[in-house]
Amino acid sequence: MLAAQRQARILEEVQRTGGVRVNDLTRLLGVSDMTVRRDLDVLDSRGLLTKVHGGATVRRAGSTDEPAFTVKAEMEQPAKDAIARKAAELVRPGTAIGISGGSTTYTLARHLVGVPDLTVVTNSLRVADVLHAHESANPGNNQTVILTGGMRTPSEALVGPIAVQAIRTLHLDQVFLGVYGMDAAAGYTSPNLMESETNRALVSAARNLVVVADHTKWGVVGLSAFAGLGDAAVLVTDDGLPREAREVLVEEVGELVLAERDE
């Protein structure tokens, strides 16, 4: 097993159980405790978990904590891919859509490269890179990508007054929004005040709002709320969502879509 595969398996165990012991991981992975400790050091240094004496625990984020895109992109990959596939089915050729920043929306963009005559407005550098790269390799694809200006966040999104001003002039058929957290009381939130304001502009520009968020976002509350749960016409999440969360969301959102993860 490669180091990256071991570390992904460790993260899965930490997310599933809330905490793991080195001894348990050595038996699970069939490697030495020294190898496990090195893996835990790597994952801790990248902000993916918290190393403690004898093992590791889930990393608890504060309301203003904003992980880098590269960190978020490695978390819950099967869930994000399943969500992206389902969300991509909602997009029709010839429409104008908005895509916010985030690792789930980045995955969505990779599933949209074949949709013809699509106009995409995004404040995500990563999303724009994916679509531009495919357009360059396939010049007959006929997609238009509009990247807003603004200040760059750790999640590779462009935010602030320039982004907001650009978005406020637009009317989009659909907006696909990634979120930092979703909560029954707080709604959809972000740890970044300027990103929250930019997300509000995207919500206002949308004829139809689609939120894409994996199950680990439930119960997470960032510093600033930008929309209520009921503002989403569709919420696409994965089948790891707890039952109590499903009950709340079925009552609040227009449609709850549960994507089945490939284990």
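Here the residue numbers are simple positions, counted from 1 along each chain's written sequence. Totals for whole chains, interfaces and linings use all residues, but because this is a predicted model, local features are given only for residues with pLDDT of at least 70 and pairs of side-chain atoms are given and counted only at 80 or more. Side-chain metrics rest on all non-hydrogen atoms present in the structure, leaving aside hydrogens and water.

**Student:** How do you make sense of the sheet that holds strand 11 (residues 187–190) when you look at a structure like this?
**Tutor:** Sheet strands pair by backbone hydrogen bonding; their relative direction is either parallel or antiparallel. Strand order across the open sheet formed by three strands is 10-11-13, with antiparallel pairing between neighbours. Edge positions in the open sheet fall to strand 10 (181–183) and strand 13 (224–227), since each of these has one partner strand only. For this sheet, the mean angle separating the axes of adjacent strands, direction not counted, is 40 degrees. A strand pair is defined by DSSP finding two or more bridges across the two strands. To qualify as a helix, a DSSP run of H or I must reach at least 4 residues; to qualify as a strand, a run of E must reach at least 2; elements of each kind are numbered from the N terminus. In the sheet, strand 10 pairs with strand 11 via three bridges, with the strands oriented antiparallel. When the sheet's bridge partners are listed, G181 is paired in strand 11 with T189. Pairs of residues are marked as contacts when any of their non-hydrogen atoms sit within 4.5 Å. Axes, fitted as lines to C-alpha atoms, cover a helix only where it is in contact. Angles between the N-to-C directions of the axes lie from 0 to 180 degrees. Running at roughly 10 degrees to strand 13, helix 9 (residues 193–205) makes contact with strand 11 and strand 13 of the sheet.

**Student:** Is there a simple way to explain the sheet that holds strand 15 (residues 255–259) in this structure?
**Tutor:** In space, the seven strands of this open sheet follow the order 6-5-4-9-12-14-15, with parallel pairing throughout. Here the strands that pair on one side only, and so sit at the sheet edges, are strand 6 (144–147) and strand 15. Within this sheet the neighbouring strands show an average axis-to-axis angle of 20 degrees, counted without direction. Pairing geometry for strand 12 (residues 209–212) and strand 14 (residues 234–238), over three bridges, is parallel. Directly across from V212, in strand 14, lies its bridge partner V236. The strands touched by helix 5 (residues 77–88) are strand 9 (174–178), strand 12, strand 14 and strand 15; relative to strand 14, the strand with the most contacts, the crossing angle is about 145 degrees.

**Student:** How should I be thinking about the layout of surface pockets in this particular structure?
**Tutor:** Rolling a probe over the atoms, with the probe sized like a water molecule, indicates the empty space that remains. With a 1 Å grid laid over protein atoms only, a set of points is called a cavity when a 1.4 Å probe fits there but cannot get out and a pocket when it is open yet has protein on both sides within 12 Å along at least five of seven lines; lining residues have an atom within 4 Å of a point. Grid points are joined across faces, edges and corners, and a volume is the space filled by probe spheres set on the points. Here the second largest pocket is characterised by a volume of approximately 610 Å³. A8, L11, E12, E76 and P78 are, among the 22 residues lining the second largest pocket, the residues nearest its centre. Those elements that place two or more of their residues in the lining of the second largest pocket are helix 1 (3–17) and helix 5. With nine residues, helix 1 is the single largest residue contributor to the lining of the second largest pocket. Across the lining of the second largest pocket, the residue classes tally to seven nonpolar, five polar and ten charged. Amino acids are sorted into nonpolar (Ala, Val, Leu, Ile, Met, Phe, Trp, Tyr, Cys and Pro), charged (Asp, Glu, Lys and Arg) and polar (every other residue, Gly among them).

**Student:** Can you help me understand the pairing of strand 11 in this one?
**Tutor:** Two faces, one strand: in a regular strand the side chains alternate between the faces of the sheet. In sequence, strand 10 turns back onto strand 11 through a hairpin of three residues. Note: strand 11 against strand 13, three bridges, orientation antiparallel. Its bridge partner being in strand 13, S190 is matched across the sheet by S224.

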